[in-house]
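So you can see what is in the structure, the chains are spelled out below.
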Amino acid sequence: MLEIRNKLKMRRAAYALKIGGALRLAFEQRQKSRLRARLESGEEVGLVLPRGEILRGGDLLSASDGRIIEVIAQPEPLLHVECATPAALTRAAYHLGNRHVPVEVGDGYLRLAPDHVLQQMLRGLGASLREIEAPFEPEAGAYGGGHRHDEMGRGGRIHDSHRDHDHDHAHDNDHGHPHEP
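Residues numbered from 1 in each chain as written. Predicted model: local features only at pLDDT ≥ 70, side-chain atom pairs only at ≥ 80, totals over all residues. Heavy atoms only, no water.

K.L.:
Please explain the packing of helix H2 (residues 86-98) against helix H3 (residues 116-124) as it appears in this structure.
P.N.:
In a pair of packed helices, the angle between the axes and the distance between the axes together describe the arrangement. Two numbers describe how H2 lies on H3: the axes approach to 10 Å, and their chain directions differ by 150°. In terms of axis orientation, H2 runs roughly antiparallel to H3. When you trace H2 past H3, the crossing you get is right-handed. When H2 is examined against H3, the residues Ala92, His95 and Leu96 are found in contact with a partner set consisting of Leu118, Met121 and Leu122. Split by residue class, the contact of H2 with H3 holds 5 nonpolar, 1 polar and no charged. (Axes fitted to C-alpha atoms, helices over the stretch in contact; angles between N-to-C directions. Helix = DSSP H or I, 4+ residues; strand = E, 2+ residues; numbered from the N terminus. Parallel < 35°, antiparallel > 145°, perpendicular 65-115°, else oblique. Left-handed = near helix turned anticlockwise from the far one by under 90°. Contact = heavy atoms within 4.5 Å. Nonpolar A, V, L, I, M, F, W, Y, C, P; charged D, E, K, R; others polar.)

K.L.:
How should the sheet that holds strand S6 (residues 68-73) be read in this particular structure?
P.N.:
The pairing of strands in a sheet comes from backbone hydrogen bonds and takes either a parallel or an antiparallel form. Strand order in the open sheet formed by 6 strands is S2-S6-S5-S1-S4-S3, with mixed pairing between adjacent strands. Both edges of this open sheet fall to strand S2 (19-25) and strand S3 (34-38), since each of them pairs with a single strand only. The mean angle between the axes of side-by-side strands here comes to 35°, regardless of whether they run parallel or antiparallel. Sheet topology note: the strand S1 (residues 2-7)/strand S4 (residues 44-48) ladder contains 3 bridges and is parallel. Bridging across to S4, Glu3 finds its partner in Gly46. (Pairing = 2+ DSSP bridges.)

K.L.:
Explanation requested: the sheet that holds strand S7 (residues 76-82) in the structure shown.
P.N.:
Spatial strand order, S8-S9-S7-S10: 4 strands in an open sheet with antiparallel pairing. Each end of this open sheet is capped by a strand with a single partner; those strands are strand S8 (104-106) and strand S10 (128-134). In this sheet, adjacent strand axes meet at a mean angle of 25° when their direction is disregarded. Relative to the sheet, H2 contacts S7 and strand S9 (109-112), its axis offset from that of S9 by approximately 25°. Against the sheet, H3 makes contact with S7, S9 and S10, and its axis sits at roughly 135° relative to S10, the strand it touches most.

K.L.:
Even after reading the chapter, I still don't get the pairing of strand S5 (residues 60-63), so can you show me in this structure?
P.N.:
Two faces make up the sheet, and in a regular strand the side chains alternate between them. Across 3 bridges, S1 lies against S5 in antiparallel orientation. Considered in S5, the bridge of Ile4 is made with Ala63. Taken together, the 3 bridges between S5 and S6 define a ladder with antiparallel strand orientation. By the bridge assignment for S6, Leu60 is matched with Glu70. Hairpin connection from S5 to S6: 4 residues lie between these consecutive antiparallel strands, with Gly66 at a positive phi of about 95°.

K.L.:
Even after reading the chapter, I still don't get the side chain of Asp59, so can you show me in this structure?
P.N.:
Among the structural elements, Asp59 can be located in the loop between S4 and S5. Among the polar contacts made by the side chain of Asp59, one reaches the side chain of Lys7 at a distance of 3.4 Å. (Polar contact = N/O pair within 3.5 Å; in protein donor to acceptor, adjacent residues only side chain to side chain.)

K.L.:
What should I look at first to understand the nonpolar core in this one?
P.N.:
Nonpolar side chains in soluble globular proteins generally cluster together in the buried interior. Core analysis: the largest hydrophobic core is formed by 16 residues, its most contacted members being Val81, Leu96, Leu110, Leu112 and Leu122. When contributions to this core are tallied by element, the ones reaching two or more residues are S7, H2, S9 and H3. It is H2 that contributes the most residues to this core, 4 residues altogether. With residues near it in sequence (within four places) discarded, Leu122 still touches Leu79, Val81, Ala92, Leu96, Leu112, Ala127 and Leu129. Counting 15 residues, the second-largest nonpolar core is a separate cluster that includes Ala37, Leu49, Leu61 and Ile69. (Core = buried A, V, L, I, M, F, W, Y, C linked by side-chain atoms within 4.5 Å. Buried < 20%, exposed > 50% of the residue type's maximum accessible area, 1.4 Å probe, protein only.)

Structure, rendered in structure tokens:
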């Protein structure tokens, strides 16, 4: 089995690199530091990356045989959120962030993993929602890193590794704990 232990610190366009394979992964898989997967060619690979490393579409990986492998963000079911005004979209983003939900922020939209409770909340805030299939590239967080908790299923939560602290993960709008550095 081909091993992948390193993520290159450059994008594909940075140099004329020969890409020796493609690894198509959904966001949930791209968060794992240990994973068995298959290249698009069908070849089995084992990811053994440093903990906390999140792979993004377009990232380049170095394989044990010297090949450069490109990560492709696999399209997956998502909830596409739009609002009538920038203030309403900001309010929706605030409430999602208050629940530590991974969210992709785009020009005039938000995207997140489907969740019926969050759908109700967003509709209550006046958002219009569509189910789509697209690559998911949520924000990495204010400090760029972090680790994921899976107790909420697909959506999970991302906490910053520099400020993580023990607390009850059953959040609502009134956290009861500070998030200042």
